[in-house]
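Residues per chain, in single letters:
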Amino acid sequence: MASNGKNNGKAKANGQWVGKRFKRKEDPRLVRGISHYTDDIKLPRLVHCVFVRSPHAHARIASINTEAARSQPGVLTVITSADIEGLGMIPCAMQMPDLKIPAHPALAKGRVRYVGEPVAVVVAEDAYTARDAAEMVAVDYEPLPVVLDIEKALQKESALIYQDFGTNKAFTHAMKSGDIEAAYKKADRVVKVRLINQRVAPTAMEPRSVVAEYLPGENRLTIWASTQIPHLLRTQVAIMVGLPEPAVRVIAPEVGGGFGSKLNVYAEDGVVPWLSMKLARPVKWTETRRESLMVTIHGRDTINYLELALKKDGTILGLRAKVLADMGAYHQLLTPLIPQLTALMLPGCYKIPAFDCEIVGVFTNKMSTDAYRGAGRPEAAYDIERIMDCAARELNLDAAKFRSKNFPQPREFPFTTAAGLLYDSANYQQSLKRALQLAGYDKLRARQKAGWKQGKYYGVGVSTYVEICAIGPSAATPAGGWESATVRIEPTGKVTVLTGASPHGQGQETTFAQLVADQLGINPDDITIIHGDTLAVPYGIGTFGSRGTAVGGTAVYYAVEKLKIKIAALAAHLLGAKPADIVIAHGRVGVKGNAKKSMPWGEIILAAYTARSIPAGFEPGMEATHFFEPSNFTFPFGTHICAVEVDPETGEIKIEKYVAVDDCGNVINPMLVDGQVQGGIAQGLSQALYEEMVYNEDGQPITGSLMDYAVPKAAHIPEFILDRTVTPTPVNPMGVKGVGEAGTIASTPCMVNAVCDALSPLGITNIDMPLKPERVWRAIAAAQAAVPPPAATTAKSARTARRTA
Amino acid sequence: MKKNVRIVINGAEHRAEVEPRLLLVHFLREVAGLTGTHIGCETSLCGACTVLLDGMAVKSCTVLAVQADGRSITTIEGLAASENLHPIQEAFWEEHGLQCGYCTPGMILCAHDLLQQNASPSEQEIRDGIGGNLCRCTGYQHIVNAVKAASRKMNQRQRAAARAAD
């Protein structure tokens, strides 16, 4: 058993370095605090800017008076929408037949549509002066009716956010397979549930930050940004500010977490470079935490109507779903994509003969939603795993056995799902079995039954999840789904790897070095991974959608394979052998079956540069680039089981055990995989239990600080029991699937299933997240008021019932 | 209006004339040029800016530079001597106690304060002890493991030092 990240289960060690617990190359600089995040960048003549933001969720801007701010000593300029006519719109990368894409200026023009929307920018010699002057910008607003609730927003009488559209509906999209009507006719039971997946804030610990320096003489714009996508940002900013793309360089230095929130192009990303071009001075903007919670994208925020048609033996016949998704007031880069991913993954890991899904995107007067760790897939897993539990209960079936009954068998892979995806490889039965063993499932169930008789509310949550990763084939992604790598073996024999998969905490500098070390038979310490600088690295896509290793790593793998062919050709020439007989290992290049014929690594590489004796047609140097286009997504899966006790008197939830058995295919570094899983589970549990971005009836975000927005502390998160099964993917040669989002996807329904399971004797089938004690207590009280307590009532629960009646 | 301050940071004296409202974290980052101390919330809730003030962990976003006048600060850059890592830094590295690294300097200095007060904390005491510092990446387990490992290392070294002194 793997627990506590110490013993790393059955990770396949298929090399000297791959598969090993190897300490991160990134860490010495990070634990010493001597590396640089964007806000740490200092430049001569640097000026600072502060954004003036709308205090209203919806209002007409009658006037803006910047005079007082402008006249402050130390203030360089104050800019409003009238001053940035030439600056392009904030981009949305999605294209769909009926998608409405509103114009999205970087500074509000005439109207504001959410609290925090930027209205003006103040630039000053120092940040304190800029903040003071921002307070002096006087904006006259005429408030307009506010649209917040996505169901009310679709009603005829609702106020409109965009008059021109004549509706608050951003798009509708349908997905169907099989005969849903026939499924309903055949069904013994149709189980229904309405689930709310609340709005949450990604809350990377490093707030966003942008530094831009434009040098007019060279016509060169350099942007340092806390981003997951340096190349895409470069393209978009070049378009926005009107510079040729080669004139723009984006550097993502250390990036302090992203979770999808830095997979975007924000207003500030355009305005700060534009200011630097106008002022011919370097400009810095760094988000405050208040701004981060208010105007960095949010995640989730959907209402889900689900129906599952079943035979009474538990065979699923059909799934019908309607998903209403809150877009916020504007589309950010991928806003409308997220619910599409929900629809695609709704069938989960089950055989579903008929599927009928409608998704509707809705505009509201709130900040945009977009990709947050899992991005649409946590919502899908939550939907299917919650209704699977509801169905098990209605049919009086065991939650684990019912799931297992509807799994495809391992021999059925590759498996085409009801949503039309081709799942690559899996063994769901094995994963479930392992998790049940680790959790002591039968004992937990026995204790639960005994507990109910004593008025104790024990619950067991099961979640068998599958996710879509390694995003992805370009045909199925808005901006290219491939990744690039250049590998250069320098004349000294040291290796430089340039990757487009710019990380923000995932540890690619380590895992890619392990991978290349095994391929070339050298030490990871002799390999340097360079990322996050568009001037150094060939065009790349970035790190998101659990694609870093499975797509970015595969590009590195193939680039190295190209170099191995080149090394073999040169070595064959120099050693008088056939290229097919050349062996590259242990720091030498030799000939198979002839121990005497070999050269040290450094010598053969240097020979490629000195090029005094090279075979005909051999290109000098030792560099190869590969752009890897994946043939499919990958589909990691697993089983999470959670045991809880709910206190009926207080609504408090005690997590007694949390077991996670994940399968991400082959593993390069088990320690880093454990880290990803643990962090992911924590975020998913936190959505289930603590986090919620709350807007009041005026559209004011009232969870606007870390005092109000509940990012969990160490004592809020339990210890996890981790294990893995290993089902390699055939989609890439390393057999790796991706693991960045698994924990977040599996844990949220697992936790809520456990609590609803505990409270099932009270007839409670659903409580919407977050499961704060107050909310749980209210659900218990309402259930007890509606139904007399069960016969085996103890004095304690009777007391509770009296008090709440 | 401006005040003269003299603050010793990692053993080196820094003198400057500052606005009374200047936060200590801005003094460290902007005046002393030590950017290892990070800002995550400016409201003392996340702990990214934790430094040692006369040996005690404080959140430097809610201390004024003028309050630190005449006092001694240790930042992450000054925790270890020269090229070596402090045992807590070593333990965070070995136990994978960090991912993006943004909370790490504050977390390490908070752990330093905790281990000064309690050389062998239990799992729960560690979780409570680092309660003022948020991490969004790790789910905390590897941080807790790192603090435990640091505690073992520091106790061992102390015992070895005591034996050497005997």
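Note that the coordinates shown come from a computational prediction; the quantities given were computed from them, not determined experimentally. For every chain, the first residue of the written sequence is number 1, and numbering continues from 1 along that sequence. All chains are assigned letters beginning with A, and all ligands numbers beginning with 1, in the order in which they are written. It should be noted that, the model being predicted, local features are given only for residues of pLDDT at least 70 and side-chain atom pairs only at 80 or more, the latter also being counted only at that level, while totals for whole chains, interfaces and linings use all residues. The side-chain quantities take in all heavy atoms of the structure and omit both hydrogens and water.

Scanning chain A from N- to C-terminus turns up 20 helices and 28 strands. Buried positions account for 65% of the 805 residues belonging to chain A. Residue contacts follow a heavy-atom distance rule, with two residues in contact if any of their heavy atoms lie within 4.5 Å. In chain A, the proportion of contacts linking residues at least 24 apart, taken out of those at least 6 apart, comes to 80%. Surface accessibility follows the Shrake-Rupley procedure with a 1.4 Å probe radius. Residue values consider only the protein chains on display as shielding. Accessible surface, chain A as shown: approximately 27600 Å² in total, 53% of it carbon and sulfur. We count a stretch as a helix when DSSP gives it H or I for four or more residues in a row; a strand needs E for two or more, and each element gets its number in order from the N terminus. To sort residues, take the accessible area from a 1.4 Å probe on protein chains only and compare it with the maximum for the residue type: under 20% means buried, over 50% means exposed, and anything in between is partly exposed.

All names here are of chain A. Here Thr-725 lies in the loop between strand S28 (721-724) and helix H18 (742-758). Residue Thr-725 is classed as buried on the basis of its relative accessible area of 2%. Counted as a polar contact is a pair of N or O atoms within 3.5 Å, where, for protein atoms, one must be capable of donating a hydrogen and the other of accepting one, and residues adjacent in sequence contribute only when both atoms are in side chains. A distance of 2.7 Å separates a polar atom in the side chain of Thr-725 from a polar atom in the side chain of Asp-663. If we skip the residues at most four places from it in the chain, Thr-725 touches Gln-430, Ser-431, Phe-637, Val-661, Asp-662, Asp-663 and Cys-664.

In this section: the sheet that holds strand S14 (residues 316-328) of chain A. Residue and element names in this part refer to chain A. An order of S7-S15-S14-S13-S8 is seen for the 5 strands of this open sheet, with the pairing classed as mixed. A strand with exactly one partner marks an edge of an open sheet, and here the two such strands are strand S7 (169-177) and strand S8 (189-200). Averaged over all pairs of adjacent strands, the angle between strand axes in this sheet comes to 10 degrees, irrespective of strand direction. What counts as an axis is a line fitted to C-alpha atoms, over the stretch in contact for a helix, and the angles between N-to-C directions run from 0 to 180 degrees. Here helix H9 (residues 337-345) sits on the sheet in contact with S7, S14 and strand S15 (354-363), set at roughly 15 degrees to S7. Running at roughly 145 degrees to S8, helix H10 (residues 377-394) makes contact with S8, strand S13 (299-310) and S14 of the sheet. Should DSSP find at least two bridges between two strands, the strands are regarded as paired.

Here we come to unusual backbone geometry. Residue and element names in this part refer to chain A. Here Phe-413 and Pro-414 are connected by a cis peptide whose omega angle stands at 0 degrees. Tracing the backbone through its elements, the reader meets Pro-414 in the loop between helix H11 (399-405) and strand S16 (415-416). Following Met-769, the chain continues to Pro-770 via a peptide bond in cis, the omega torsion being -10 degrees. Tracing the backbone shows Pro-770 in the loop between H18 and helix H19 (773-786). Of note, Arg-45 is a non-glycine position whose phi angle comes to about 65 degrees, a positive value. Along the chain, the position of Arg-45 falls in the loop between helix H1 (27-31) and strand S1 (47-53). Residue His-586 is not a glycine yet carries a positive backbone phi of 50 degrees. Its location among the elements puts His-586 in the loop between strand S22 (582-585) and strand S23 (588-591). Residue classification places His-586 among the exposed residues on the basis of a relative accessible area of 71%.

Now for the packing of aromatic side chains. Aromatic rings in a pair are described by how distant their centres are and how their planes are angled relative to each other. Under the pairing criterion, centres of Phe, Tyr and Trp rings, with the six-membered ring standing for Trp, must be within 6.5 Å; the plane angle then separates stacked pairs below 30 degrees from edge-to-face pairs above 60, leaving the rest tilted. According to the stated counting rule, one finds 21 aromatic pairs over all chains in the structure shown. Consider the rings of A:Phe415 and A:Tyr423, whose centres lie 6.4 Å apart with planes at 50 degrees: the pair is tilted. When its relative accessible area of 11% is taken as the criterion, A:Phe415 is described as buried. These aromatic residues form a ring-pair network of at least three members: A:Tyr350, A:Phe407, A:Phe413, A:Phe415, A:Tyr423, A:Tyr428, A:Phe633, A:Phe635 and A:Phe637. Counting as a charge over the ring demands two things of the Lys NZ or Arg CZ atom: a distance within 6 Å of the ring centre and an angle within 35 degrees of the ring normal. Just above the ring of B:Trp93 sits the side chain of A:Lys23; from NZ or CZ to the centre is 3.9 Å. When the ring centre of A:Tyr458 is taken as reference, the NZ or CZ atom of A:Arg447 above it lies at 3.6 Å.

Counting residues in hydrophobic clusters, the biggest one holds 228 residues, and the most contacted among them are A:Leu759 and B:Phe92. If we skip the residues at most four places from it in the chain, B:Phe92 touches A:Val31, B:Gly97, B:Leu98, B:Thr104, B:Met107, B:Ile108, B:Ile143, B:Ala146 and B:Val147. Take the buried Ala, Val, Leu, Ile, Met, Phe, Trp, Tyr and Cys residues and link them wherever side-chain atoms come within 4.5 Å; each set so joined is a nonpolar core. The next biggest cluster of nonpolar side chains, apart from the first, holds 48 residues, and it includes A:Ala470, A:Ala513, A:Leu570 and A:Met599.

This part takes up the interface of chain A and chain B. Of the residues lining the interface, 59 residues belong to chain A; the matching set on chain B comes to 51 residues. As a working definition, buried area equals the accessible area (1.4 Å probe) given up by two parts on being put together, with both sides summed. For the chain A and chain B pair, buried surface summed over both sides reaches about 4700 Å², with 53% attributable to carbon and sulfur atoms. Taken as a group, A:Arg32, A:Tyr128 and A:Met205 account for 17% of the area that chain A buries against chain B, more than any other trio of residues on that side. Any carboxyl oxygen of Asp or Glu that lies within 4 Å of a side-chain nitrogen of Lys or Arg is treated as forming a salt bridge with it. For the pair chain A and chain B, the interface holds 6 salt bridges. Listed by contribution, the elements that provide at least two residues to the side of chain A that touches chain B are H1, helix H3 (127-134) and helix H17 (670-689) of chain A. The dominant element in the side of chain A that touches chain B, judged by the number of residues it contributes, is H17(A), at 9 residues. Side-chain classes are defined by residue name, with Ala, Val, Leu, Ile, Met, Phe, Trp, Tyr, Cys and Pro counting as nonpolar, Asp, Glu, Lys and Arg as charged, and the others, Gly among them, as polar. Here the residues of the side of chain A that touches chain B sort into 26 nonpolar, 16 polar and 17 charged.

To continue, consider the packing of helix H14 (residues 508-520) of chain A against helix H15 (residues 548-575) of chain A. All names here are of chain A. Remark: H14 packs on H15, axes separated minimally by 10 Å, with the N-to-C direction vectors making an angle of 30 degrees. With respect to their mutual orientation, H14 and H15 come out roughly parallel. For the crossing formed where H14 meets H15, the hand is right-handed. On H15, the residues touching Gln-508, Phe-512, Leu-515, Val-516, Gln-519 and Leu-520 of H14 are Gly-548, Thr-549, Gly-552, Gly-553, Val-556, Tyr-557, Val-560, Glu-561, Lys-564 and Ile-567. For the contact of H14 with H15, the class distribution of residues is 8 nonpolar, 6 polar and 2 charged. Orientation labels follow simple angle bins: below 35 degrees gives roughly parallel, above 145 gives roughly antiparallel, 65 to 115 gives roughly perpendicular, and whatever is left gives oblique. By convention, the crossing between two helices is left-handed when the near helix turns anticlockwise from the far helix through less than a right angle, and right-handed when the turn is clockwise.

Right, let's get into the domain arrangement of chain B. Residue and element names in this part refer to chain B. Start and end points for every domain follow an automatic or database-based domain assignment. Splitting chain B by domain gives domain 1 (3-77) and domain 2 (87-165). Centre-to-centre separation of domain 1 and domain 2, based on C-alpha positions: 22 Å. Taken together, the two surfaces of domain 1 and domain 2 that pack against each other cover about 1200 Å², and 59% of this comes from carbon and sulfur. Across the domain 1-domain 2 interface, the total number found is 0 salt bridges. Applying the counting rule to domain 1 against domain 2 returns 7 residue pairs in polar contact (both at pLDDT 80 or more). Mapped by element, the contributors of at least two residues to the side of domain 1 that touches domain 2 are strand S3 (50-53) and strand S4 (56-59). Of the residues assigned to the side of domain 1 that touches domain 2, the class counts are 9 nonpolar, 8 polar and 1 charged.

Looking now at the pairing of S14(A). Residue and element names in this part refer to chain A. Of all 13 residues that make up S14, 11 are buried, and the element is covered over most of its length. With 9 bridges joining them, S13 and S14 adopt antiparallel strand pairing. Within the sheet, the bridge partner assigned to Leu-306 lies in S14 and is Ala-321. Note that S14 and S15 share 10 bridges and pair parallel. Its bridge partner being in S15, Leu-319 is matched across the sheet by Phe-355. If the strands point away from the viewer and the path from the first strand over the helix to the second runs clockwise, then the crossover is right-handed. Each parallel crossover has a hand, and for S14 linked through H9 to S15 it is right-handed.

A few words on H10(A). Residues and elements named next belong to chain A. Here H10 contains 18 residues, and its C-alpha end-to-end distance of 25 Å stays within 8% of the 26 Å for a straight helix at 1.5 Å per residue. Burial runs high along H10: 16 of the 18 residues are buried. Two residues or fewer after H10 comes Asn-396, characterised by a positive phi angle close to 60 degrees. The span expected for a helix works out to 1.5 Å for each residue beyond the first.

Here we take up the domain arrangement of chain A. All names here are of chain A. Assigned domains of chain A: these are domain 1 (38-144 + 219-246 + 266-286), domain 2 (424-469 + 632-804) and domain 3 (482-628). Listed as interface residues are 9 residues of domain 1 and, on the opposing side, 13 residues of domain 3. Roughly 920 Å² is buried in total at the junction of domain 1 and domain 3, and carbon and sulfur atoms are behind 59% of that figure. Among the residues of domain 1 in contact with domain 3, Gln-228, Pro-230 and His-231 are the three that bury the most area, contributing 62% of the side total.

Strand pairing in a sheet relies on backbone hydrogen bonds. The paired strands run either parallel or antiparallel. Residue and element names in this part refer to chain A. Spatially, the 3 strands line up as an open sheet ordered S4-S2-S6, and their pairing is antiparallel. Here the strands that pair on one side only, and so sit at the sheet edges, are strand S4 (111-112) and strand S6 (138-143). The sheet contact formed by strand S2 (residues 59-65) and S6 spans 6 bridges and is antiparallel. From the neighbouring strand, Ile-61 faces S6, where its bridge partner is Tyr-141.

This part is about the pattern of salt bridges. All names here are of chain A. In total, this model carries 63 salt bridges over all chains according to the counting rule given. A salt bridge links Lys-322 to Glu-358; its shortest N-O distance comes to 3.9 Å. Of this pair, Lys-322 sits in strand S14 while Glu-358 sits in strand S15; the two residues are 36 residues apart in sequence, bridging distant segments of the chain. On the accessibility criterion, Glu-358 (31% relative accessible area) is partly exposed. One continuous salt-bridge network, built from bridges that share partners, spans Glu-385, Asp-389, Arg-393, Asp-398, Arg-403, Arg-445 and Asp-757.

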